[in-house]
Structures are given as C-alpha cells and as structure tokens.
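Examining the three-dimensional arrangement
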Amino acid sequence: MAPQRRLNQLLSELTPAPTSVGTLKLGDITYEVPASTSPSRLARSSHLLEVNDPVNLDNLHFMLQKFLLGQDIFLVSQPGPYARRLALTFANVINAEYEYIALHRDVGETELKQGREIRRGGNLVYVDSPAVNAVKHGRLLILEGIEKAERGIMPVLNNLLENREMNLDDGTHIIHPHRYAQLEAANSTATKQGKVFIPAHKNFRVIAIAAPVPPYPGYPLDPPFRSRFQARFVDPVGSLLSLTNGPADPSTPTPLFDKLRDLILSTQFASESRSALEVISKTSLPPFPQTALSKLRSLVDTFPPPGQLSPAQLARLFLTIHPVLIYAPFQAWAILSRQTEESGLGELGSPSMLSLDEHIGIFGYHVSAIQRIDDSTARITFNAPPGLQPISVLTPAGSKQLRPFPFCGELEFNPTVRFMGLLTCFLQAHALGWDISLIPPALPSTASASTTTLVKVFGQLLGYDSETIHMYKELGGRELVMRRKIENGGATVWEPSHLIEGAWAGRLLHLSGLDVIGSTAGSLSRLVQDREIDLWENKRIVANALPEELLSGELSITHPSFRVIATASKSLLLKDWLSDEHANMFFPIPSQPMDAKEESVILSATGCAQEHVDVLLDFAAKYRQSMSADNVLKNRKLGTRSLVRIAQRLALYPQDDDICAIILRSLLAEFLPATEKMNLNTLLEDSNIFKKTVAFNPSPIVKGNFLVFPGPSSTGGDTLPTTVALFDPISDPEGVSSHVPDMDHFYDNSLQTGLMRDLAIDLEILGEHVVLLGNQGVGKNKIVDRLCQLLGRPREYIQLHRDTTVNQLMFTTALEGGVINYTDSPLLRAIKYGRVIIIDEADKAPEHVVAIFRSLAGQGEMSLSDGRRVRPTQEREADIVVHPNFRLILLANRPGYPFLGNHFLQVLGENFSAHSVSNPDQESERNLIGQLAPELGEDLILRLVGAFHDLRKGYENGVLNYPYSLRELINLVRHMKAYPSDTLGDALRNVFDFDIYKPETIDKLAEILIHHGLKVPHLGLEAAREAAKKKVQDIQFEPKETSLSEPKEGQHDDKEHSGGNKWAGGTGGRDTAGMGGRGGYKRLYKGGDIKQVSDSLKQQVPDEIRERAREMARQELKRRLEELDMSDSEAKGYGTLLSATQAHMASLLDLLEHLAAKEEERVWVKRQIDGELDDSRLTEGLTGESAVYKRRGMEKPEIGRPQIKPKRIKFIFDLSASMYRFQYDGRLQRSMETAVMLMETFDHLSRKEKYVWDMCGHSGDGPDIILTEADKPVTTLKDRWKVTEKMYMVPQYAFAGDYTVEAITKGVNEVAKYDADDWFVIAITDANFGRYQITPEELTRAMKFNPKVNTALICIGEGAEASWITKSLPGRAFRVANTGDIPNVLRSILSTMVDR
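Below is a short write-up of the structure. All values reported here derive from a predicted model rather than from experimental measurement. Along every chain, residues carry numbers that run from 1 in the direction the sequence is written. Under the rules for a predicted model, residues below a pLDDT of 70 receive no local features and side-chain atom pairs below 80 are neither given nor counted, while totals for whole chains, interfaces and linings still include all residues. Excluded from the side-chain calculation are hydrogens and water; included are all heavy atoms of the structure.

It is at 9 Å that the axes of helix α35 (residues 938-956) and helix α38 (residues 999-1011) come closest, and there the two elements cross at 145°. For the crossing formed where α35 meets α38, the hand is right-handed. Of α38, the residues touching α35 (which contributes Ala-947, Asp-950 and Leu-951) are Leu-1005, Ile-1008, Leu-1009 and His-1011. Three categories are distinguished: nonpolar for Ala, Val, Leu, Ile, Met, Phe, Trp, Tyr, Cys and Pro, charged for Asp, Glu, Lys and Arg, and polar for the others, with Gly belonging to the last. For the contact of α35 with α38, the per-class residue count stands at 5 nonpolar, 1 polar and 1 charged. Axis definition: a line fit to C-alpha positions, over the contact stretch in the case of helices; interaxial angles, taken between N-to-C directions, run 0 to 180 degrees. Numbering of helices and strands runs from the N terminus; a helix is a DSSP stretch of H or I covering at least four residues, while a strand is a stretch of E covering at least two. Crossing handedness follows the turn of the near helix against the far one: under a right angle anticlockwise gives a left-handed crossing, and clockwise gives a right-handed one. Contacts are assigned to residue pairs with any non-hydrogen atoms lying within 4.5 Å of each other.

Salt bridge, as applied in this entry: a Lys or Arg side-chain nitrogen positioned within 4 Å of an Asp or Glu carboxyl oxygen. Counted according to the given criterion, the structure contains 52 salt bridges. Of the charged contacts in the structure, one is a salt bridge between Arg-624 and Glu-599, with a shortest N-O distance of 2.7 Å. One end of the pair, Arg-624, is in helix α22 (residues 610-626); the other, Glu-599, is in helix α21 (residues 596-604), with 25 residues separating them in the sequence. In this structure, Arg-624 and Glu-599 share a single accessibility class: buried. Here Lys-1004 makes a salt bridge to Glu-1007, at a shortest N to O gap of 3.3 Å. Taken as a pair, Lys-1004 and Glu-1007 lie in helix α38 at a separation of 3 residues, close to a single helical turn. When accessible area is computed with a 1.4 Å probe and restricted to protein chains, residues below 20% of their type maximum are described as buried, those above 50% as exposed, and intermediate ones as partly exposed.

If you look at the biggest cluster of nonpolar residues, it comprises 78 residues, and the most contacted ones within it are Phe-303, Phe-318, Phe-363, Ile-370 and Leu-423. By residue number, the principal contributor to this core is helix α15 (residues 417-431), which donates 9 residues. Beyond its immediate stretch of four places on either side in the chain, Leu-423 contacts Phe-407, Leu-454, Val-457, Phe-458 and Leu-461. Note on terminology: a nonpolar core comprises buried Ala, Val, Leu, Ile, Met, Phe, Trp, Tyr and Cys residues joined through side-chain atoms within 4.5 Å. Membership of the second largest hydrophobic core comes to 67 residues, among which are Tyr-472, Leu-480, Met-482 and Leu-535.

On to the packing of aromatic side chains, then. Given two aromatic rings, one states the distance between the centres and the angle between the planes to describe the pair. Aromatic contacts are taken between Phe, Tyr and Trp rings whose centres are within 6.5 Å, Trp giving its six-membered ring; a plane angle under 30 degrees counts as stacked, one over 60 as edge-to-face, and the others as tilted. Applying the stated criterion across every chain yields a total of 19 aromatic pairs. Relative to Phe-458, the ring of Phe-426 lies with its centre 5.9 Å away and its plane at 70°, an arrangement referred to as edge-to-face. Here Phe-426, found in helix α15, pairs with Phe-458, found in helix α16 (residues 451-461); they are 32 residues apart in sequence, far enough to count as distant. Here Phe-426 matches Phe-458 in class, with each residue buried. Cluster of aromatic residues (ring-pair linked, three or more members): Phe-405, Phe-407, Phe-413 and Phe-419. The ring of Trp-434 is capped by Lys-295, whose NZ or CZ atom sits 4.8 Å from the centre of that ring. For a lysine, the NZ atom is tested; for an arginine, the CZ atom; a charge sits over a ring if that atom is within 6 Å of the ring centre and within 35 degrees of the ring normal. For Arg-1208, the ring lying beneath its charged end belongs to Tyr-1314, and the centroid distance is 5.9 Å.

Note the cis peptide between Phe-405 and Pro-406, where omega equals 0°. On the secondary structure map, Pro-406 appears in the loop between β15 (391-396) and α15. Of note, Phe-363 is a non-glycine position whose phi angle comes to about 65°, a positive value. For Phe-363, the position within the fold is in the loop between α14 (330-342) and β13 (366-374). Residue class for Phe-363 comes out buried when judged on its relative accessible area of 3%. A positive phi angle, near 60°, is found at Arg-531, a position not held by glycine. On the secondary structure map, Arg-531 appears in the loop between α18 (525-530) and β21 (533-534). We classify Arg-531 as buried; its relative accessible area is 12%.

The geometry of α22 relative to helix α25 (residues 674-686) is characterised by a closest axis approach of 9 Å and an angle of 150° between their N-to-C directions. As the angle between them shows, α22 and α25 are arranged roughly antiparallel. Seen from above, α22 lies across α25 with right-handed handedness. Between α22 and α25, the residues in contact are Phe-619, Lys-622, Tyr-623 and Ser-626 and Leu-680, Leu-683, Leu-684 and Asp-686, respectively. Throughout this description, any angle smaller than 35 degrees is read as roughly parallel, any larger than 145 degrees as roughly antiparallel, any in the 65 to 115 degree range as roughly perpendicular, and the remainder as oblique.

This part takes up a nonpolar patch on the surface. By definition, no residue in a patch forms a salt bridge, and every one has over 30% relative accessible area; like charges are joined within 9 Å, nonpolar side chains (Val, Leu, Ile, Met, Phe, Trp, Tyr) within 5 Å. Each accessible area is a Shrake-Rupley estimate made with a 1.4 Å probe; only the visible protein chains count as cover when residues are assessed. A cluster of nonpolar side chains, Tyr-1288, Met-1289 and Tyr-1293, forms an exposed patch at the surface whose accessible area comes to about 340 Å². Tracing the chain through its elements places Tyr-1293 in helix α47 (residues 1277-1293). Given the relative accessible area of 61%, Tyr-1293 is considered exposed.

On to the pairing of strand β2 (residues 29-34), then. The alternating pattern of β2 places Ile-29, Tyr-31 and Val-33 on a buried face and Thr-30, Glu-32 and Pro-34 on a face that is not buried. The loop that links strand β1 (residues 20-26) with its antiparallel partner β2 comprises 2 residues; one of these, Gly-27, has a positive phi angle of about 65°. Two strands qualify as a pair provided that DSSP identifies no fewer than 2 bridges between them.

Turning to the sheet that holds strand β10 (residues 197-199), a few remarks are in order. Pairing is mixed in the open sheet, where 3 strands are placed in the order β8-β9-β10. On the outer flanks of this sheet lie β8 (166-167) and β10, each paired with one strand and no other. Relative to strand β9 (residues 173-175), β8 runs antiparallel, the two being bridged by 2 bridges. Across the sheet, the residue bridging to Met-166 is Ile-174, located in β9. The sheet contacts of helix α7 (residues 177-185) involve β9 and β10, and relative to β10 the element is tilted by about 130°.

Structure (structure tokens):
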C-alpha cells in the first residue's frame, strides 16, 4: 500500500488550482491566469523586461500562442541575458512557476533526471532534478546554453519533449496525462514489478535557449531534438534596444549616446548583410555585444560625458563596451575610425595613455573621496572633467572598516595617475552595479598592469571581505556552485562553494584565471547578470524575496554588496576566451601597463643602482617590442616582476653585475630556437649589454651555522663570498630527521657550484620559488639535493606525469567504512611544515595541473577541492597557512623537440625565478670525470670530454638530433672503468646503439672521434655486426660443395634454402643472391635462419668472380637510375644536396610526425559508465551514480574549436640574378639544399594529409615562378631533382630586379583561400632593400596583409644588412649573415610556427 499512498500524495500535489488570479489579454489572446501553488518557484527577478516594449510584446505573444498549443519553444538568440529574461518575463506574465538548468560541458544525465543521496541511517533516496520537478508540477523548464551541452546529452529529453514520457531511476515512469487517465480508469497505475506511473502535468512546457551555431561557437543541434521545438529568432537589434533603459531625465539631450547607438545598430546591420561587396568585409568589425547599449546608457546617465571625447577616451570607451576589439584586426579599427569621424564623434585614437598625467577613468572622471553611509553602503565622489560638476554615487560596500582615501601613510604600492585611473574605472563599474573583468593587454609581453594590487586596494577602499578563487581547467560547472561531502555517519550532503558563500555574505570574489575554464564560465552568467542561481534540492538564490517566502528554506537572497572581479591567467591568447558571452557577463575594463617612468621607480626602490635600472628598462622595452603572437610561446615574457627580481639581485650583490648573464638566465636563452636566440643577442648588443668572461666557482664550505660560497675567481676586481644561513632544525625536527637528502658522493665543479649559489640566493635570501630547466642527465635533481643536504633543508618530492590530476597534488583519497578520508599530499605537508618540495617532470603534466603552482608561488594561495584553502595568513578556521620557509622547485626538460613536454612556462607566468641547467663546461667536466675515474688518465679524459662537447654543439647547430648529456658520458666512463678489457668501440655502443639506423649521426660521430684522436675501427651497424661475429666465431657452417661459377640472381620460391647455388634468397650458398654465403653479387634476405659461411671460404672467391659481382651491382644501379630517368651525375648531384641537410631533415620530420601524434594524444575522459574508478567522484559512486569512471580517450575539443584540417604552407625562394652572381658565399647552394630538405621531409611524412604545401620562387622577371604545386606533390627523385635544376637555372638567366614584396603578397592571398587549420608563408630574399626602394612600411604591409596568415622572412646577403628588418617585423623577420645557417634557420622557423 505504500506506493499507492505515495501516488495519492503526488496526485494531490498535481491537482491544478481551481482559482484564477485574473485574466491576461495579449493581442487577440485571452488567458485565465491561474494562482500558484508554490510561490517560491515564481519568477521574481528585478531584471524582467518591459512588457509594453513592442519587441517584447511581439515575442511574448508568440510564446503565449505556443503555450496554449501545448508546444515547446526554442529561442535562438545571440549570447546575452535577453532570451533568459524574456522567458522569465513570460513566466511572470502568466504567473507560471519555473525551473532552470544552465547547460555546460559537464552536465550529464543526473542533472537532467534524478540524483541520488544517502540520508542518515544509510537510506538511499532519489532527488528529482529541476527537469523532473517541472514535469511533475506543471512548471516551465528553462534550458539555457543548449549549444554547450555535449553530444548525446540532450537526447535524454527527447521522449519527454515528444510524448511527455520518461523512465526515472527510482522505478517510476512519467507518462502523458491522457494515457494516465486511461490507466487510472482501468485501475492500472501500478505494475506487478512495483513501477508506478506518474502523469506529466498538462501545464509543463520547455523553453530552450541557444546561440546560433555558426556564427557563434558551440555544438550544432541534434535534428531529432530540434524537430520537437517551435523556433523563435530573437532579433539582435530588438534585444539591444529592449535591454536599454530610457534616460534618467528624458529632457536632457544625450548626443554621445545617440551617435554611438546609431553606430552600434549600423554595425549589427552590416554584419548581417548579404551583398557581395559587404560579405568580404563584414567579419572585420564584429557586431557589438547584447549589453553594449545598456552599459552605455547607464554610463551616460550616471557620469555625464564631456562635449567632445578625446581620441584616446573614445578608444577606451569602445574597448569597454566591445572588448573583442582588443584583438580585432587592423581593418576593424579602420572601419570603426571612419564611422566615428563620419558620425561626428571625432577621431579614434590609441587606447594607451598618451601622457603621464592623462586621467584614464571613463569620460575623464577620477575618484576624489569615499565615505561610509551605513553598514552596507558608501558614497563615492568623482571629480569630473573640465566644464562638468563632481558626481556622488551611493554604492554597496562591505562591512569592514574602509581604507582611508585619499591615501595616507606609507603605501605598499605607487598611486600613479595610471593606477588611480584604473581604480576609478573599477569604482565607476561598481557604482553602475556591474561585476568587473580586467582584460589583460593584447601585447604578449608588457610591464605590469597591477592586476592583483588593483583588486586588493579596491576591496580595502570599500571595506570588503575579499576572497580569491583560483580557477583550474578541471573545475566543472557544478563545482563552481556547490560541492558534495560525506558526513561521519556516511550521509551525503551538499555544501555551498566559496562563490555561493560570498554571494550570501556580500563578499568581494576575485575569480583568478577565469579564462582557463573556457565556456564553463558561462554557467555563472545568471548569477552574475541577475543575481539568481539554482542550488541543490530545490534551493534557489534570488535577488529579492519577501520575508514570508524565505521561511520555506527554499529561497535565499544574494547580498546586495556581493561583487565579482574576474581576471585572466594571461596564459591563453585573448581570442581563445574573450567572447561575447564574457563581455555580456561583466563590465570589461582594458588594463593599462606601467610606463617606463613608473617601472623605473619600482626598480629603483629595490636599491639597485640607477645605471643598472636604465640599462634593464632600455633592454626590456626593446625585448617586449620584439615579442609577437607568433613567437610568444617560445619566449619567456619579461614583465615587471622579472625585472624586480633582477634588480633585487643586483642590489644585494652589486659585485655580481654581469647583467647579460642574469638576463640570459632569466629568459632561459639557452633553450630558445636558433632564430629567437639570434634576435635576443642582437637586442642585447643594441642595449650595450655584453657577455663577460665566465668566472671559476670554488667549492662551498660549511662554517658554523652558515654555508659559504667563496668568491668566484675572475680577471676583474675583488670578489666577495656569499654566506647563506643553514636551516634551523628546531623549526622542523621531524623533517630534519627524515627528509634531508643524504648524498654519498657529489663531484664538485665550477658550473654546478655557481648554479647552487644562485639557487641558494633565490631560495634562502630572496625568498623566491624556482624552476630549473635542462636537458636530460645534466644533474638537476642532484644539484638541488646537494644544496638541501648542505643547508640541512628537509625536502618533499612529487613526480608528475600525463595523468596527474589537481586532486592528486592536494591529497590521496581512501574509502574506509563508507567514509572518504583524505590524506595530505607531500605538497600540503611542505606547505604546512615549511619544506622545500621538488616537483619533478613538471613539463609532462597537463598544463592546467601545473597552473595551480602559479597562484601558490605568486600569492601563496590555493583552493582545495574539499573546501579548504591555502592562504598566507589565517583568515578562517580551516585555512592552511603557508609556512614562511616553504619553497617550490619545479624541474623540467628544456622546451621543444625532442623533449615531448608541454608549454608549461607560459602557464606559470613570472612567479618563478628561472634557471637553466647546462652540461658543465669542459674544464668542470674534466675535473668531474677525473674524480670519478682517475685511472683512465688525463689524456683520454680530455679527449672524451672534448668529443662529447662537440656532440652537444652538433645538437645545438641542428646537425644531430639528440642532446648528449653528462649522464651518457658518466655511464660511458663507468663502463670503461669497470671493464678495462673492453674496447672503446664496445663502450661507445652503450650510448650510440640507439642511432644505428641514423647513418648521418654515426658519420658525424666518427668525424668527431677522429678529430679528438679517438680511434674506433667500427661504429654503428658495423660495430654491432663485428661484435655479433666475434661472439659466434666458433659456430660455422661448412657446405659440402664449394665450387663457384658465375654470380647470378637464382630462382625464386617461398621455401627456405641453405647452401647450393640454385635458389635466390637462401643462406650459406654460393653464386646466387642471398645471405651468409659467398660469390653472389648482392644480398637478398627472404626470412629464415642465416647460415654463415666461414671467412676463410669467403676469402677464397676468385678475383674474376668478385669483379663480375661488382659489375652486376653497377648494372643494377644503372637499371634503377634508368627507371628514375636520371643519369649518374644527376643522382650524385641530388645525393650531395640531400646529404648536406640530412640531419635537419630528420629533425624536422621527427617534429612534424610528433605534432600529428600529439593531436591524437589520449587523455582521461571523465564521467564514463565503465573504465577505471575516478577518485574525484567517489561520493557520487557511493550514492549509486553510474558515470563515476574514467577512460583513456581522445580529448574533446573546446566548444568552437574548428575541425582539425590540414595546415597550408607556402615556401617562397629568391631566384633573382643576385643569387647566381653572388653564389660564392653559398646562398644559392644552401637554398637548393633547403628545398631538398623540405621536399624529402614532406614526402617521408606518414600523415601527408596533415600538410598542404608548395614552393615557388621570385626573380627580377616576376613574383610567381612555380617550383612545386600544392595539388601535385613531387613524389619521385627525378621530379625533385628537376626542381633543384630549375632553382639553379632561373637565376642564371633572370633580369635584374626584385619582386620580394609582390611574391609575399601573392603567396599570402593564395594560402588564405585554402580551407585549412592554419596558414603559413615563409620567404627567403637577398634583396638590397635600399637599391630597390623597398620601405619598411611596404614590406610590413605585405607580411601582415592577412591577419590569419602567419608569415616569416629570412633575409640573406644584402638583405641581412638591413638592421630595420627585425625591428619592423619582430618575430617575423630574421637576418642571416651566414648562408650556411639557412637550412637551420628555416627549420627553426617552421618548427616554431607549427608547434603552437
């Protein structure tokens, strides 16, 4: 009877209210508005639309029509709050209760059907989702963000939409109300299996909301899902105007608003145009966000603008209401500038500060006073620009004491005009009631924009209790709002996230790194825009409610003082996250970096000498200007934080004034690609920063309670020792007893001692966290362990890998007795007890995992998934306080190929002091090896060290593909020491057997060994065969018949043969082609065991038979060449070109193959119904959810990421007359070798469809000499040889002249037409730019002709003499004085371009 009672209860709840609250007349429709049975579920937003607006009335009329027809509605709208507010307005008009679900990539079946909870006592209960509640109780179900839901999720609702049926996990079954009435009449509403039928309420309707895909990013609609809705396109122009309130005083003219409104609307119309002319340019100026006009209206009403805005003020205003313009192409700004001038708004200028005293507050306002009115309100007074009166605005405030303003006393920051201008913008946005997003600069590398300080000071001025939430990629949409936990009794409960707690308490929430969670951030749009959000088990936060409505416990109120400030991690390009949705959620404020004067004050405050400060700033300006979006991933940014670190070091140790070495170390210059390293050296020389002689560093010694590094010896003046205090054992007795490394042996050498000294200064004196990068086997771990041993420093250790998750870094999870227990990880132990922690293989973990170290190092903050927080000081009871002795040390391999790591340095930002760990210099290496194996003798050690030094140089020059390290040399020496009877060749096989099938490596090795006087008779394959022959010399095969006749092919079959002279492919025979025999003219292996004829028999082959075998080999080669239609000389010529760049080709081929594999790299795909148990979803598993597993699979692309298509590449070679005339420097030969390298590399690719490429040339005769065609790849040696012949002949007959600019423009145009994943044009020129009157502007215009095409220019010969090239085209143009570097430079450029 229990199910029947439950059914009766449900039916009583479902009985519609008989009373009506009134009659709604909407056009030709009359509707009796029913009373609500659950007033807490009614729409009560303060942001409902104006029902008398004609646009809104038309939309509401359509929606009422569909409601009365019993049909579901699909609102197709550009991103923004209008469609949601329209749905809520409709619910309000018809007095309908509603449920709401914000869709995002993490929404699954549980969120759409039923969840499971364990109550006290161990009972499992099912909790209805908002969708099921809406069906049962006859409510509107609003689904927002359909385009964000992953494929396969929305079909869960298909049957509910079509037939009003749904099977629920608790055994009940929702059916159509008519069908239920039939079953009820037959008394069949329950089955024998206990399944209970529940009627879908007749008033249940669905209103779905989505942005059209395309043009907006997202997943396209599933046709069966789409077919169940009635569509309504929401006119963008109508929504723009509808969201805009009328002026505060209708009698006051607002010419600025009127002109901008017309411009915004005309831009929207232009973007929708379908005329042939405008289709080409409509994408240049994207339409304005949906909230642009409403922001503009509130700005103009609250802060009356001056009569005429300056060009800079106008530019900043546009970036505020339309932040996508920050990364828009130049054409968009040109179109906008023309429109502003035509509309009478004036010229559009640069958004940057033009003078040091320019007020960059919106419309030129600046804050003058802040005073408290009551516990939650403050009055902010703004001084107006000339001609206007000051403005006072009442704004929400926190409950803490307000920081005095104007500022007084000693300040921790410099309140410059720039800083106060940005702070004024923050306060203006706050006064308008908006949450704030500080948009980082579009330039890849700039001075500091004071992001953290701005957020902190803003909160203090208004008395806020501030909290920072650090985002990481794994963070799901539900975790942003609430988290599940298990109580001691095993019951599962939900608790609010820090964000929701802040909304209730009226805190200031700083969402740091909001860009890294991508489209998931959109799940917060309702909270940010309307101050409403749905929580667990029917709980809902609303902006306002009556006291009696709060008694049920379902409703709670957002505190009016609650504010959100979003900032970006700056690790992603703006175009990857700054979207219309973000612009609609927040009030964007474009940041403004410090100028040189402000930065100089900060650097001088460290105590650094002014001459050093000036040199640093001069270099920093040049370096930042050289950075572009093309090379930012390969270069370290040089921000203010890095310069402060350098200045502090120079101030503390003025005798260590080798600025060049410090800068190179900070930028990790050793690991830059060849082209970037060349540019950096040029910039250093231009800034008068030169390298100094490397000093010798004596071994450190422990004196009393200090570790002393004696002063390095140098040719200059006196040097002073560096003294570092030892670790105090009292502060961590347990750590000292068990966590201090114990190294049995460490061979001191100058280079590693110098590195230890630098690390000790950073860690112990400057209090920095550090990152160490280096090749494999250079001693990164040993150096750190040795330093910790000398200092007596306890250290923890974590090794990362591809599957490391954020949760694993925080704690390990165990399920005991139905209760989940968390054990602190080594990272948390190090934070608590003040230990050093080594994070090894940091480049192998996913970038979003490494990202958590950014906030930990920069602010001493981290948010744990169990609700706890890591903070510098104790703010709450559960906070984990960062111990002052805590230090992070990240270890990683150098970036780029062949180390298959991630670009994690960009994610870390500048919060770590960077150090590169090199192989020791030759003298240090000799001393180290001499200590390790003195019995080898000085001469042999000298030769071995010299050989390995040259091997490494070969890797740096691109000749070799493997960075031979100290580890290989030490292992080689250990073998030689332990087994002195083994030859050097035997020992070398330990290192070089990896390269047996790389003949170019073996040849280079042989060359280096001979150069250093190391005689090895056999290398590579020969050495391996020689060793194998030596091992089996006592096992021989003696055939009975040993007579020889003429060499021949032999007969073919599929059987195994030994001996004889009849069959081809046998072993141990004579005359025929085979293996292990004698007298044949070629080797031929067809499988089977090889029977090796003895050497004595082989030597008995008569001379005439040997000659016949050689002749047959020559005939075979001739036949092969005839097949290729090539002569001997042609084959030899092509072979010469090929061998010259074989090492470069192998390196480039490996890189391109690796990139293809990387695109298909598998990751952990979560929320699966089978696979490995996911630790982070154990709680859900306890409640019975099925999607609690994870499996390895392809990573799903971010929403809006285009389908992976081939990369389109065009190479343009200079074939002008000067290439032939000046070929004595090798320029033409090197260009031909480069062409061969490219043709061979792309021909050898296993995934040729990944790249569509071609080559062309330019000369004085024209810009379009075809060498290869994109749709006709050169697949034979003959064809490739013809290309090189053409490259040689064209310059021989070309007229004087230069078409470099025309060739680049034409190439960019051709490449851009291709439907590709990315577009590249790489050109080579030896043009004398002055002679042919090629200006920087002309060349820059050609190189940047189409923003989507990545371009690069290699200037050789006279072209390399133009110093303006690299300055006009930073990151795109390269001067190559030595033509021998052409292949290496082009390989480096191509590698840098495609590996992004």
